[in-house]
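A closer look at the structure
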Amino acid sequence: MSLLSLDKATIQFGGLIAVNQVSFSLDKGDIFGLIGPNGAGKTTCFNLITGIYEPTGGSVTFDGKVIAKAGKSAGPESIAKMGICRTFQNIRLYGSLSAIENVMVGGFLRHRTGLFSALFDLKRAADETVELREAGMKLLQAVGLDDVADVRSRDLPYGSQRRLEIARAMATQPKLLLLDEPAAGMNPQEKMDLMEVVRSIRDQFGMTVLLIEHDMRFVMGLCEKIFVLDHGEEIAFGLPEEVRANPKVIAAYLGEAH
């Protein structure tokens, strides 16, 4: 059974069809690329999967449950609790908080102690905070940032901030991690390091990864399956070498990039 499936997913804004009957599936453990030129509908698909948008047609199924269908969505909070988390194109860290504190913020989604318990069971609240920090340190280690755990996020280099965002998303304990242009703005070495981080996340934590990315070298070197959109519609799907050689992809996207 697929972990995530879009079945003829459609999103229409007035007279504009942003995503038109798109269908694809991810199996557990996939590193899956969603690519296409600007305006192709990639981020709209992310917003559909994470509950920001409701589909006007079709459906989205996650882990055996329908999370969105025509005119309905489980909503961002419920979908996050089900096990889908994402990063964004623009960095959204808490600049005044340290790296470890940013990761701990992500962990609060699974926090068991509510306000009442925190007020009247201080030991339990303190114990959970310790647990959150320990779990956060493991995630920082996984993305290569454990040595800067107490550095304010705004003081970290750009590439490190990108990896910190991934660690914070992982703190929600997702089954599916959505990365929106994770390599944007990185230098070539930072991109190589990020590729290893993403592979490690999949292998070490068993997460499935769906990513949007414009850097074709990054996508082709990392993703095992690639789905290509243009003007909201599928134009190609397959292995990296198949997509790279597809004339429609070359015309619509790779041709633009080169």
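Look up a bit, the structure's there.
The paragraphs below set out a description of the structure included in this document. All of these numbers come straight from a predicted model, not from anything done at the bench.

What follows covers the packing of helix 6 (residues 158-170) against helix 7 (residues 188-205). Relative orientation of the contacting elements helix 6 and helix 7 amounts to 15°, with a least axis distance of 11 Å. As judged from the angle between their axes, helix 6 and helix 7 are roughly parallel. The element helix 6 and its partner helix 7 pack so that their crossing is right-handed. Where helix 6 abuts helix 7, its residues G159, R163, I166 and M170 lie against E190, L194, V197, I201 and F205. A breakdown of the residues in the contact of helix 6 with helix 7 according to their chemical character gives six nonpolar, one polar and two charged.

Here the structure, examined in full by the defined rule, presents 12 salt bridges. The salt bridge partner of D150 is R133, with a shortest N-O separation of 3.2 Å. Here D150 is found in the loop between helix 5 (122-142) and helix 6, whereas its partner R133 is found in helix 5, with 17 residues between them in sequence. Residue class for D150 comes out exposed when judged on its relative accessible area of 59%. Owing to a relative accessible area of 35%, R133 belongs among the partly exposed residues under this scheme. For E196, the salt bridge goes to R199, with nearest N and O atoms at 2.7 Å. Remark: R199 and E196 occur in helix 7; sequence separation between them is three residues, near one turn of the helix. Here R199 falls in the partly exposed class, since its relative accessible area comes to 24%. One salt-bridge network, in which partners are shared between bridges, spans D27, D30 and K225.

Across the sheet, six strands lie side by side as 7-8-9-3-10-11; this open sheet has mixed pairing. Where the open sheet ends on each side, the last strands, each with one partner, are strand 7 (84-86) and strand 11 (233-238). Between one strand and the next, the sheet's axes are offset by a mean angle of 20°, whatever the strand orientation. As defined by bridge partners, strand 7 adjoins strand 8 (residues 176-180) across three bridges and the pair is classed as parallel. Opposite C85, over in strand 8, you have L177 as the bridge partner. On top of the sheet, helix 1 (residues 42-49) reaches strand 3 (31-35), strand 7, strand 8, strand 9 (208-212) and strand 10 (225-230); it is set at about 145° to strand 9, its chief contact.

Turning our attention to the nonpolar core. Membership of the largest hydrophobic core comes to 47 residues, with the highest contact counts inside it found for L140 and L211. What L211 contacts, discounting residues up to four positions off in sequence, is I31, F32, G33, L34, F46, L179, F218, V219, L222 and C223. If you look at the next biggest cluster of nonpolar residues, it comprises 28 residues, including F46, I49, L178 and F227.

Strand order across the open sheet formed by five strands is 2-1-4-5-6, with antiparallel pairing between neighbours. This sheet does not close on itself; its edge strands, each paired only once, are strand 2 (16-26) and strand 6 (72-73). The pairing of strand 5 (residues 65-69) with strand 6 spans two bridges and is antiparallel. From the neighbouring strand, A68 faces strand 6, where its bridge partner is S73. Against the sheet, helix 1 makes contact with strand 1 (4-13), strand 2, strand 4 (57-62) and strand 5, and its axis sits at roughly 115° relative to strand 1, the strand it touches most.

Another aspect to go through is the environment of F62. Relative to the helices and strands, F62 resides in strand 4. We classify F62 as buried; its relative accessible area is 2%. Spatially, the C-alpha atom of F62 lies 27 Å from that of N102, the residues being 40 residues apart in sequence. Residue contacts for F62: discarding those within four places in its chain leaves L3, L4, I67, M82, G83, I84, K175 and L176.

What counts and how
- Residues numbered from 1 in each chain as written.
- Predicted model: local features only at pLDDT ≥ 70, side-chain atom pairs only at ≥ 80, totals over all residues.
- Heavy atoms only, no water.
- Axes fitted to C-alpha atoms, helices over the stretch in contact; angles between N-to-C directions.
- Helix = DSSP H or I, 4+ residues; strand = E, 2+ residues; numbered from the N terminus.
- Parallel < 35°, antiparallel > 145°, perpendicular 65-115°, else oblique.
- Left-handed = near helix turned anticlockwise from the far one by under 90°.
- Contact = heavy atoms within 4.5 Å.
- Nonpolar A, V, L, I, M, F, W, Y, C, P; charged D, E, K, R; others polar.
- Salt bridge = Lys/Arg side-chain N within 4 Å of Asp/Glu carboxyl O.
- Buried < 20%, exposed > 50% of the residue type's maximum accessible area, 1.4 Å probe, protein only.
- Pairing = 2+ DSSP bridges.
- Core = buried A, V, L, I, M, F, W, Y, C linked by side-chain atoms within 4.5 Å.

Honestly, it's all geometry; don't read function into it.
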